[in-house]
Amino acid sequence: SAVLNVDLQTDAMLQVDISDALSERDKVKFTVHTKSTLPNFKQNEFSVVRQHEEFIWLHDSFVENEEYAGYIIPPAPPRPDFDASREKLQKLGEGEGSMTKEEFTKMKQELEAEYLAIFKKTVAMHEVFLCRVAAHPVLRKDLNFHVFLEYNQDLSVRGKNKKEKLEDFFKNVVKSADGVLVAGVKDVDDFFEHEKTFLLEYHNRVKDASAKSDRMIRSHKNAADDINRIASSLYTLGTQDSTDLCKFFLKVSELFEKTRKIEARIAADEDLKLADLLKYYLRESQAAKDLLYRRSRALVDYENANKALDKARAKNRDVLQAETSQQLCCHKFEKISESAKQELIDFKTRRVAAFRKNLVELAELELKHAKGNLQLLQGCLGILKGNT
Amino acid sequence: MSLCTELVLDITYHQVKAPLFLVAQDLTLFCICVNVQSQPASLAAEDISTNSNGPKQDSLFDDDPEDLFAEATEEVSLDSPERDVLLSDGPSPAITPITPPTSVITPRIGHTHDDMFTHSSFDEIEEEEGGDSFDIHISVSDPEKVGEYMTSMSLFKRSEFAVKRRFSDFLGLHSKLASKYLHIGYIVPPAPEKSIVGMTKVKVGKEDQSSNEFVEKRRSALERYLMRTVKHPILLKDPDVLQFLESSELPRAVSTQALSSAGLLRMVNKAADAVNKMTIKMNESDAWFEEKQQHFENLDVQLRKLHTSVESLVCHRKELSVNTAQFAKSAAMLGNSEDHTALSRALSQLAEVEEKIDQLHQDQANADFYLFSELLGDYVRLLTAVKGVFDHRMKTWQKWQDSQMLLQKKREAEAKLQFTNKPDKLQQAKDEIKELEGKVQQGERDFEQISKTIRKEVSRFEKERVKDFKTIIIKYLESLVQTQQQLIKYWEAFLPEAKAIS
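About the criteria used
Residues numbered from 1 in each chain as written. Chains lettered and ligands numbered in written order. Predicted model: local features only at pLDDT ≥ 70, side-chain atom pairs only at ≥ 80, totals over all residues. Heavy atoms only, no water. Helix = DSSP H or I, 4+ residues; strand = E, 2+ residues; numbered from the N terminus. Buried < 20%, exposed > 50% of the residue type's maximum accessible area, 1.4 Å probe, protein only. Contact = heavy atoms within 4.5 Å. Areas by Shrake-Rupley, 256 points an atom, 1.4 Å probe, with all protein chains shown as cover. Lys, Arg positive; Asp, Glu negative; His and termini not counted. Charge placed at Lys NZ, Arg CZ, Asp CG, Glu CD. UniProt positions renumbered as here; feature names shortened; annotations may be inferred. Domains from an automatic or database assignment. Buried area = accessible area lost by both parts, 1.4 Å probe. Salt bridge = Lys/Arg side-chain N within 4 Å of Asp/Glu carboxyl O. Polar contact = N/O pair within 3.5 Å; in protein donor to acceptor, adjacent residues only side chain to side chain. Nonpolar A, V, L, I, M, F, W, Y, C, P; charged D, E, K, R; others polar. 1 Å grid on protein atoms, 1.4 Å probe; cavity = no way out; pocket = protein on both sides within 12 Å on 5 of 7 lines; lining within 4 Å. Points joined across faces, edges and corners; volume = space filled by probe spheres on them. Phe/Tyr/Trp six-rings, centres within 6.5 Å; stacked < 30°, edge-to-face > 60°. Lys NZ or Arg CZ within 6 Å of the ring centre and 35° of its normal. Expected span 1.5 Å × (residues − 1). pLDDT = per-residue confidence, 0-100.

Caption draft 1: Looking closely at the overall build of chain A. Helices and strands together make up the secondary structure of chain A, namely 8 helices and 4 strands. Each helix and strand of chain A, ordered N terminal to C terminal, gives the series β-β-β-β-α-α-α-α-α-α-α-α. In terms of principal-axis extent, the alpha carbons of chain A reach across some 105 × 45 × 45 Å. Expressed as a percentage of the 388 residues in chain A, the buried residues total 47%. Taking contacts inside chain A between residues at least 6 apart in sequence as the whole, the part at least 24 apart equals 71%. Surface exposure of chain A reaches about 20500 Å², of which carbon and sulfur atoms provide 55%. Both charge centroids of chain A, one from 63 positive and one from 64 negative side chains, sit 2 Å from each other.

What follows is the structure, encoded as C-alpha cells:
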C-alpha cells in the first residue's frame, strides 16, 4: 500500500508507509516509515512514531498555508475510534458468568476480530493520507511534511484548546456563508461553473450514500451475529437430543458456523470496498469544494481590488498602492485557477479509478462469498437428505 | 396392511369489509382446503402438499388399529368443566385393509371470493376475536370400494365441500379436544394464540403491510394447527373434529361466549394445578417417565433459546432488506449526479442490483419466519401440552393414592366399629369400603391407562418431531440455497458493468 513516487525533475524518490502501529489505552501510535533519496533528509531510510493529533496538525498546516490555496488538500484521516468496540468487550466481560465457556470464547474471538478490523482500517486511513501528500508534486516538498516524517521527537502538537476550536467553528461558519454567497455568482469560466454545480450535488449524495451503506452493513453484521447464536443453540440441541435429530442438529450447527463466518466476511468486505470508498470521497469532495470556495474568495478579492483601483484612479489617490494590490489579487486568482483546474481533473481521474477498482473488487468478493455459501449449503443438504 | 391417510391442508384468507350499520365488524374469511386421500401403508406417501409453508403432510395411523377405533367411540371421562355433547357423524368406520386406490386426487377447489360473507355473523356482537371467519374447502378423494370393503373415507359424508369458520371456532374446537383428551394422556396440539394488537389493526380496516402480514401469520398458524390436529389418529376420528371440518354451521354464539368463561375456568384450574404439582411427590416406579420429563424440560429450554435467536434473525433480515432498498435509492441518486458517463452507468446498475437484493432479503426473512421461527414456536407451545399430560398423570396417581389412603382410614374405622353395637353404622362403613375399593381399583386402572397412553403418545410425538424438524429445516436450507443462487446471478451480471468503467 505504499506509493512509489518518482520526481522526474529531481530524480528523487519518496516512499511513505505505516510499518507498525500500537494501540494503547486511549491512543494509537503509528510508526511512519520513510524511504527517500531527497537530499534534504539526513538518511535514506528512517522511522518515527506519530499520533493522530500530529497528522491533524500537518493537515491543518496545509489548509492554512496560502501557497496551497490552489490545491485539493488531502483530507485528514478520521480519529481512531475504538470506543464502541471497547464497550462491547467490556460488556462481554461483565456477562461472562451468564454464558457457556464455548459461547464466551466465541464471542470474545468475534470482538477481538472486530477490534483488529477497526485497527487495520485506521492504520490504512492514516497511511492513505500520507501517501496522497507524498504523491502530490508540491505538497511532498513541504517543510512541515519533512519535519513530520523525520523529526524523531514528539512534535509537541497539542490538540486545539477551546478558544481555538471556537475560532475554527466561526471560520467554518463564515466560509459556509461565504460559500453560499459566492456560489450564487455565476462563473464566467464554464469549466468551474460546471464543477461547482457538480460538486455541490455530488458531495451531498455521497454523504447520503455513505450513511445508507453504513446502515445496510450494520444490519448485515447483526444478521451474522444471530446466525452465530443459532449455530450455538443447534449445537447444544444436538448434544442433548436422544433421537435421530442429534446428528442432524450437529450437522446444521456446523453449517451455520461456517456460513456465518462468510456472512461476517461479506459485511467486512462491503465495509472496506463500499463504505470506506464512499466515506473517502465524501471527504475528498469536501476538500475539492473547499478549493472552489478558496478560488471564489480569490475572485471576489480580485473584483474588489478592481473596484478599489477604479475608485483610486477616479479620486487620483493611492493609485500605486491600489495597482499593486490589484496585481497581487489578479496573480493569486490566476494561480489558483490554473492549479485548481488541474487538481479537479486529477480528482475526477482518481475518483473514477478508485470506484472502478472498488466496485470490481466488491462484485468479485460478493460472488466469491455467495459461491462459498452455496457450496457449503448444497454440501450439507446432500448429506442431510442422504441420511433421511 | 394398516391404513394410512394423507391429509393436505391449505388455508387462504380473505378480508371482508363489514357494512356500515354493523359496529366495528371485520369479517375475516379463511378458506381451508383439505385434501384427504387414503392409501395402504405399503405405498409411499406422495407429497401432494400445496404452496403452504406448513409441515409435510404425511400421516400414518397408529400401528394398533384396534385400540384406535375403540377409543374413538368411547365416552370420555367426565371430569372436565365443560362438556359438549359428543356428536356422532354416522357409523364408526370399520377397520379395513384396502387395495391401492385407483382414483385420482381431487383437484383443490379454488379459493373463495372476496365478497363472501358469513351470513350468520351479522347479528352478533363478538368479542374482539369473533369477527373473522374462515372458509374451509374440503375435497376428499374417494377410492373405489372393492367388494364389501369400506374405506376409512366413510369418515366423511361427502367428497367435496366447503365450510366457513371463525378464528374463535378453532379455539372452541381446541378447548373441546383439550377437555376431552388432555387429562387421559393425549397430547392435544395447542391452538394459535390471540393477539389483541394484531386483531385491532385488522378490525380498523388498515390495508397496510403490517395488517396483511398479521393475517398471513394467522392463516399459516391455523393451517399448521389444523394439520397437527387431524394428523393425530385419535383426534381425527373425534366427532367434534369431524363436525368442525364438515358441518355447514357450527353451534354459535353460546359456545363462543361460554368459551371465554370456560377458558377462564381452565386457567384457574391450571393455576391450582401448578400449586398442587409442587406438593405432589410421586414415587416414580418407572424411570422412563422421569427421564422423559427431564428430556422435555431440557428441550423446552433449548428450543426457547433457539426461537429467540431466530426471531432476532428475522428482525435483522427485515431491517437489512429495508436498509438495502434505501441504499439502492441513494446509489441511484449518486449515479445520476456522477458526471463521468461510464461510472454513472455503473452506479445505476449497482442501484438496480441492490434493489433486487433487497427483495431477496425480504423473501429470505419470510422463509426465516414461516419455516424456521414458526416451527420452533409451534414446538415450544406443543411442549406445554406434553408437560401437561405428564402433570395429569401425576394427578391421576395422586387421586389413586388419595382413594387408597381413604380406604385405609375407613377400614380402620370399620375395625373399631366392630366392637360397638351400631349395626347401622357398621353396615354403612362396609358399604363405603366396598365403594372405595371400587374407586381404588378404578384409580389404579386409570393410572395404568394414562401411563400406557402417554408412552404411546410420546413415541408418536417424538417421531413427528424428528420428521417435522428434518423436513422443515431441509426446506429452510433450500430457501437459503435459492437466495445464494440468485445473488450469484445478480453479481455476475453486474461485474462486467463495473469492469466497463474506463
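Caption draft 2: Examining the overall build of chain B more closely. Along the backbone of chain B there are 10 helices and 4 strands. Scanning chain B from its N terminus toward the C terminus, one meets helices and strands in the order β-β-α-β-β-α-α-α-α-α-α-α-α-α. The long-range share in chain B, meaning contacts at least 24 apart out of those at least 6 apart in sequence, stands at 84%. Looking at chain B as shown, the accessible area adds up to about 23600 Å², and 55% of this sits on carbon and sulfur atoms.

Caption draft 3: Highlighting the UniProt feature "coiled-coil region" (unreviewed entry) in chain A. The feature "coiled-coil region" (unreviewed entry), as annotated in UniProt, sits at residues 295–322 of chain A in this numbering. As a span, residues 295–322 of chain A carries 89% helix and 0% strand, and end to end its C-alpha atoms are 21 Å apart.

Caption draft 4: Up close: the domain arrangement of chain A. All names here are of chain A. Split into domains, chain A comes out as domain 1 (1–77 + 124–153) and domain 2 (188–387). Its C-alpha centre places domain 1 at a distance of 23 Å from the equivalent point of domain 2. On the side of domain 2, 16 residues touch domain 1, which itself brings 14 residues to the contact. Across the domain 1 to domain 2 interface the summed buried area is about 1300 Å²; carbon plus sulfur atoms make up 54%. Contact with domain 2 buries area across many residues of domain 1, yet Ala-69, Ile-72 and Pro-75 alone supply 42% of it, more than any other trio. Viewed at the interface, domain 2 and domain 1 are joined by 3 salt bridges. Of the charged contacts, one joins Arg-132 and Glu-284 as a salt bridge, the two residues approaching to 2.5 Å between their closest N and O atoms. In this assembly, domain 1 and domain 2 are joined by 11 residue pairs in polar contact (both at pLDDT 80 or more). Tallied by class, the residues present in the side of domain 1 that touches domain 2 amount to 9 nonpolar, 2 polar and 3 charged.

Caption draft 5: How the structure looks around the interface of chain B and chain A. Every contact between the two is made by 55 residues of chain B and, on the other side, 63 residues of chain A. Here chain B meets chain A over a buried area of about 5400 Å², counting both sides, of which 71% is carbon and sulfur. Where chain B packs against chain A, one counts 8 salt bridges. Inspection of the region where chain B meets chain A yields 17 residue pairs in polar contact (both at pLDDT 80 or more). Sorting elements by how many residues they give to the side of chain B that touches chain A places helix α8 (residues 287–337) of chain B first, with 23 residues. Residues that form the side of chain B that touches chain A fall into these classes: 28 nonpolar, 16 polar and 11 charged.

Caption draft 6: Structural context of empty space enclosed by the protein. For the structure on display, the rule yields 9 cavities of 30 Å³ or more. Roughly 350 Å³ of internal volume is contained in the largest cavity. Along the wall of the largest cavity there are 27 residues; nearest its centre are A:His220, A:Glu263, A:Asn373, B:Arg317 and B:Gln484. Among the secondary structure elements, those contributing two or more residues to the lining of the largest cavity are α6 (190–240), α7 (245–315) and α8 (319–387) of chain A together with α8, α9 (341–418) and α10 (423–499) of chain B. Ranked by the residues each element gives to the lining of the largest cavity, the list is headed by α10(B), at 6 residues. Each residue belonging to the lining of the largest cavity can be placed in one class, and the counts come to 14 nonpolar, 8 polar and 5 charged. Space inside the second largest cavity adds up to approximately 150 Å³. What lines the second largest cavity is B:Ile187, B:Pro189, B:Arg228, B:Lys231, B:His232, B:Tyr379, B:Leu382, B:Glu457, B:Arg460, B:Phe461, B:Glu464 and B:Asp468. Breaking the lining of the second largest cavity down by element, the ones donating at least two residues are α4 (209–231), α9 and α10 of chain B. The dominant element in the lining of the second largest cavity, judged by the number of residues it contributes, is α10(B), at 5 residues. For the lining of the second largest cavity, the class distribution of residues is 5 nonpolar, 1 polar and 6 charged.

Caption draft 7: The arrangement of the environment of A:Pro74 in detail. All names here are of chain A. Locating Pro-74 in the fold gives a position in the loop between α1 (52–64) and α2 (83–94). Taking relative accessible area as the criterion, Pro-74 reaches 1% and is therefore assigned buried. When the C-alpha atoms of Pro-74 and Glu-112 are compared, they prove to be 31 Å apart, with 38 residues separating the residues in sequence. Sequence-distant contacts of Pro-74, that is, excluding residues within four places in its chain, are made with His-59, Phe-129, Arg-132, Val-133 and Leu-139.

Caption draft 8: Unusual backbone geometry, seen in detail. Residue and element names in this part refer to chain A. For Asn-316, which is not a glycine, the phi torsion comes out positive at approximately 55°. Structurally, Asn-316 is set in the loop between α7 and α8. Of note in the backbone geometry, Asp-318 takes a positive phi value of approximately 55° without being a glycine. With respect to the helices, strands and loops of the structure, Asp-318 is situated in the loop between α7 and α8.

Caption draft 9: Up close: the UniProt feature "coiled-coil region" (unreviewed entry) in chain B. Residues annotated in UniProt with the feature "coiled-coil region" (unreviewed entry) correspond here to residues 426–453 of chain B. Counting secondary structure, residues 426–453 of chain B comes out at 100% helix and 0% strand; the distance between its end C-alpha atoms is 40 Å.

Caption draft 10: Examining the packing of aromatic side chains more closely. In this structure the tally under the stated criterion is 28 aromatic pairs over all chains. Here the aromatic residues A:Phe249, B:Trp288, B:Phe289, B:Phe296, B:Tyr379, B:Phe390, B:Phe461 and B:Phe469 are joined through ring pairs into a cluster of three or more. Across the ring face of B:Trp288, the terminal group of B:Arg455 is positioned such that the distance to the ring centre comes to 4.7 Å.

Caption draft 11: Molecular detail of α7(A). The end-to-end C-alpha separation of α7(A) is 101 Å, in line with the 105 Å expected for 71 residues at 1.5 Å each. Within two residues after α7(A), A:Asn316 carries a phi angle of roughly 55°, on the positive side.

Caption draft 12: Local environment of the confidence of the model for chain B. All names here are of chain B. This prediction gives chain B a mean pLDDT of 71; 58% of its residues lie at or above 70. For the stretch residues 36–131, pLDDT sits under 50, and the model shows 232 contacts to residues farther than four places along the chain or on other chains. Across residues 138–153, confidence stays below pLDDT 50; counting only partners more than four residues off in sequence or on other chains, it has 48 contacts. Interface confidence for the predicted complex, expressed as ipTM, amounts to 0.88; the pTM equals 0.77.

Caption draft 13: Region of interest: the pattern of salt bridges. Taken as a whole and assessed by the stated rule, the structure comprises 55 salt bridges over all chains. Between A:Glu114 and A:Lys88 there is a salt bridge; the shortest N-O distance is 2.9 Å. Here A:Glu114, found in helix α3 (residues 101–135), pairs with A:Lys88, found in helix α2; they are 26 residues apart in sequence, far enough to count as distant. Of the charged contacts in the structure, one is a salt bridge between B:Lys180 and B:Asp238, with a shortest N-O distance of 2.8 Å. Linking B:Lys180 in helix α2 (residues 167–181) with B:Asp238 in the loop between α5 (233–236) and α6 (239–246), this pair joins segments that are 58 residues apart in sequence. In this structure B:Lys180 comes out as buried when scored by relative accessible area, which is 7%. Through salt bridges with shared partners, a single network forms among B:Arg224, B:Arg228, B:Glu374, B:Asp378, B:Arg381 and B:Asp468.

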